[in-house]
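# Coordinates in review
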Amino acid sequence: MTATGIGAPVRRKEDQRFVTGQGRYVDDFNRPGQAHACFLRSPHAHANIRSINATAAKAMPGVVGIFTGEDLAADKIGGLICGWMIHSKDGTPMKAGPHPALAQGKVRYVGDHVAVVIAETLAQAKDAAEAIEVDYEVLPAVVEGPEAQKTSVQIHDVAPDNTVFRWHLGDKAAVDQAFAKAARVTTIDLVNNRLVPNPMEPRAALGEYDPGTDNYTLYTTSQNPHVARLVLSAFIGVAPEHKLRVIAPDVGGGFGSKIFIYAEETVCVWAAKKVKRPVKWTSDRTEAFLADAHGRDHVTHAEMATDEDGRILGLRVQTVANLGAYLSTFASSVPTYLYAPLLSGQYDIPAIYCEVDGVYTNTAPVDAYRGAGRPEATFVLERIVEKAAREAGMDPAKFRKRNYIKKFPHQTPVIMTYDAGDYHASMNKALEAADYKNFGKRRRESARRGKLRGIGFSSYIEACGIAPSQAVGSLGAGVGLWESAEVRVNPTGSVEVLTGSHSHGQGHETTFAQLVSDRLGVPIENVSIVHGDTDKVQFGMGTYGSRSGAVGMSAIAKAIDKVIAKGKKVAAHVLEASEGDIEFKDGKFTVAGTDKSLDFASTALQAYIAHKFSGQELEPGLKEGAFYDPTNFTFPAGVHICEVEVDPDTGVTKIERWTAVDDFGIIINPMIVEGQVHGGIAQGVGQALLEGTVYDKSGQLVTASYMDYTMPRANDLPSFQVGMTVTPCPSNPLGIKGCGEAGAIAAPAAVINAITDALGHEDVVMPATPQNVWRAAQRSRMPMAAE
Amino acid sequence: MAMTMQGEVLLPAGRDRVWAALNDPEVLKSCIPGVQELEKTGDTEFRATAKVAVGPVKASFKGVVTLSDLDPPNGYTISGEGQGGVAGFAKGGAKVRLEDAEGGTRLAYDVNAQVGGKIAQLGGRLINGVAKKYADEFFANFAKSLSPAENAA
């Protein structure tokens, strides 16, 4: 390992500009003549729009234009799309209602887009929005998934019972048989609380139209600018694909919420042509609460069958997934194919059957949020496993070990083929690091102080490196999920990598450069990573699902291999040797068995000056592209152990210890990986203890600011003990599994398992706020000090 | 979101006078905090504009106020619906009952209202406190308008 190669804890190259305020985010871009957009949003959760009167508003100072859904329809601008087709059990396709970028006749959630006002200044746009008169016929609303299936409220005409699909996965008969021979059946009812994504940088869009060239440009906060361009052109029809440039510059966090193609971006690029001015919109924080796609929101009943020895025989899961008022870009895939195939976890479970109903409600759309389906699956499985162990009177670590998969590859009953792992190794290392054997001593010590101490496990798995295109295509995906890269070597030997992955905090400028430095022997400072611009990068599927390492870097590795192969040809001509005798090592092309060599930079120069070979023999230049389509998902897995102390008098839960042992395969930069683990745990703890999105019965979002929605802070978290085990991933050339979502997937179950252990009963809801825990603690038996 | 509030207040005047004042737009206008316009548009209907502040949300609400269940001089239901632009909306009503009491008239009120939009998003936790404050202010003004000192002046 070199100081900057694979495995080195290189400091993030991009942080210099981020921490000195030199980052360039969408809102930092200002175009000549730019006007500002303000979206008039529905104050009602559900209403027919009888009329919109903008006459007075249009006459207000500075107003450039006011548009409604009628104007979009007149220009034949299509609705927003959901790119993953799900079929119900009965074979019928999902029932997706229309999703216009600006409401057409009806609003379906508080924050729904009614009109856009474009004015010289933002203040003028806001004032004019205030003056638009909308005559609403208010309709009854429904906000909870299970209730939406029973109510007379009808949100979309196409979806009776507000049900988009009734989907299932697995073998029902096999599960019924497993339950028939079970010694014990454990049941659990869970609510996976709805979350607001809260990236530090809110969404923003700046649309521009050049009448001279008929070109459109959209600066936007996107995790996948090429996907945005494809959807905006091919489906929504704002501009032809070759005439639309999408630029996603520095993006300050996304957690999934910036994958999707939203109304605001669509309207800004469309309106730029209408008003012949660049149009900018930057979300304020309350708009982000209202209109960013939310995460989670599942209501689940699960049952687990076990034998006398605590071996799992079968698992049955029924989930109602609240999808919100419209189907967001990947909304249908999250509670289905990103959820149920993970229900086998790390366990050898012979039979699994999962039913999921996807349901419309009068709430913000719900889509992928850090982990996307996998945290929901892990929460169900790890909660019920812990409960099953308790009911069997078994140590939860021992119960897990008894059921762990030991042989690979392992075919689960729910699609996935796990390729590699060593679950016992992670558990053993975690137990040691958590000082599990002395937990009882610590619990007694807490009890002496009147406190309840508990310990909780989460033995998670995730499917990352999303995804083999054929496989996801067969499951309903509208796109392939490969990645592309281009490696441009300059005549001076410096290297530019153009990648379809998009960094919005992951540190690609560092890790991707480490790969190049490692493979080509080029100093890391001579490598630049270019991403986020459809005019520069050939194509890309973007960053989500912990795919940038496993898929994005594999594409780069493939292009690097081609560069080396071409470099060998160039070197062979220069060194007057046969191509087969050229070896590439430590940044030098060498004639095998001799001291004749050409360093990488000289080879690059020779490739460009082309003096040593003719054009018939070899093309000049040194630039290669690659598309990499993975052959399987990757399966990062690990064990997180959370130890809490609950104060039964105040309900405050303090996390005393956090131990994480993860297997991410080969690691490029351990410092960045550890940072990802820390961030993921913090987000998962946020969900477990603090974050809860509340709509009241009438559909008003009453947690729409940081006054009412609590994010985790440093003092809510302990110092994490993070450890690794490594089984390289066999399905990609780098052996990478992915690490971006692990903490958020593992953490909620670990926290709630620890709290329920402390309380001595299972009845605590998430988020386990002091109020919820205090209520639960009133039902707990106070442990005796001498216990 | 729903907002409810109940209370009663002792007013220093006889029931008939209280009833008359409750139906007098000029009295109401001078007593309702933040009211800018209150114009009688029919026997039981008023047009109103009021400035309201709930926490960080300040808005001018425009709407219609109607009186129903008229039972002079025992009580009525006053209801209204107002639009506050991007601040949201408010609608609801109050049942008002009058009865004789020692020293004057006891007025009991029972408010049930719905608010939505920004006022609910940002002001949710504050709304009951603000409503109570507005009510207290109204009844303080109203009691003052009925007091003998006020009439003498």
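Right above here is the structure, for reference.
Right, let's walk through the structure included here.

On to the interface of chain A and chain B. Listed as interface residues are 16 residues of chain A and, on the opposing side, 13 residues of chain B. Taken together, the residues that form the side of chain A that touches chain B break down as eight nonpolar, five polar and three charged.

Quick look at the sheet that holds strand E8 (residues 184-192) of chain A now. Residues and elements named next belong to chain A. Sheet architecture is open: five strands sit in the order E7-E15-E14-E13-E8, paired in mixed fashion. The open sheet has two edge strands, strand E7 (163-170) and E8, and neither has a second partner. Direction aside, the axes of adjacent strands within the sheet are offset by 10° on average. Here nine bridges tie E8 to strand E13 (residues 298-306), and the two strands are oriented antiparallel to one another.

Moving on, we come to unusual backbone geometry. Omega for the bond connecting Met766 of chain A with Pro767 of chain A falls within 30 degrees of zero, at 0°, which places this linkage in the cis form. Residue Pro72 of chain B is joined to Pro73 of chain B through a cis peptide bond whose omega torsion reads -10°. In this structure, Ile415 of chain A is a non-glycine residue whose phi angle is positive, near 75°.

Let us now look at the pairing of strand E4 (residues 57-71) of chain B. Residue and element names in this part refer to chain B. Note that strand E3 (residues 45-54) and E4 share 10 bridges and pair antiparallel. Residue Val54 lies in a different strand from E4, and its bridge partner there is Val57. The turn linking E3 back onto E4 is made up of two residues, and Gly55 within it adopts a positive phi angle of 55°. The pairing of E4 with strand E5 (residues 75-83) spans eight bridges and is antiparallel. Along E5, the bridge assignment pairs Ser68 with Thr77.

Glancing now at helix H11 (residues 396-403) of chain A. Residues and elements named next belong to chain A. Of all the residues in H11, the buried ones are Pro396, Ala397, Phe399, Arg400 and Asn403. Down the axis of H11, the buried side of the element spans an arc of 160°, and every buried residue falls inside it. Against strand E14 (312-324), helix H10 (374-391), helix H12 (423-433) and strand E18 (452-461) lie the buried residues of H11.

Let us now look at the packing of helix H16 (residues 548-575) of chain A against helix H17 (residues 600-609) of chain A. Residue and element names in this part refer to chain A. Relative orientation of the contacting elements H16 and H17 amounts to 85°, with a least axis distance of 9 Å. It follows that H16 is roughly perpendicular to H17 by the angle criterion. Every residue of H17 that contacts H16 at Gly567, Val570, Ala571 and Val574 is listed here: Thr603, Gln606 and Ala607. Considering only residue class, the contact of H16 with H17 consists of four nonpolar, three polar and no charged.

We now examine the sheet that holds strand E22 (residues 582-585) of chain A. All names here are of chain A. As summarised here, the arrangement of the three strands in space is E22-E23-E24, forming an open sheet in which the pairing is antiparallel. Looking at the sheet topology across the chains shown, the edges are occupied by E22 and strand E24 (597-599). Put simply, the sheet's adjacent strands are angled 20° from each other on average, direction ignored. Against the sheet, H16 touches E22, strand E23 (588-591) and E24, its axis set at about 125° to E22. Packed onto the sheet, H17 meets E23 and E24 and runs at close to 85° relative to E24.

Reading the values: rules and limits
Residues numbered from 1 in each chain as written. Chains lettered and ligands numbered in written order. Predicted model: local features only at pLDDT ≥ 70, side-chain atom pairs only at ≥ 80, totals over all residues. Contact = placed C-beta atoms within 7 Å. Nonpolar A, V, L, I, M, F, W, Y, C, P; charged D, E, K, R; others polar. Pairing = 2+ DSSP bridges. Helix = DSSP H or I, 4+ residues; strand = E, 2+ residues; numbered from the N terminus. Axes fitted to C-alpha atoms, helices over the stretch in contact; angles between N-to-C directions. Buried ≥ 20, exposed ≤ 12 C-beta atoms within 10 Å, placed from the backbone. Arc of directions from axis to C-beta. Parallel < 35°, antiparallel > 145°, perpendicular 65-115°, else oblique.

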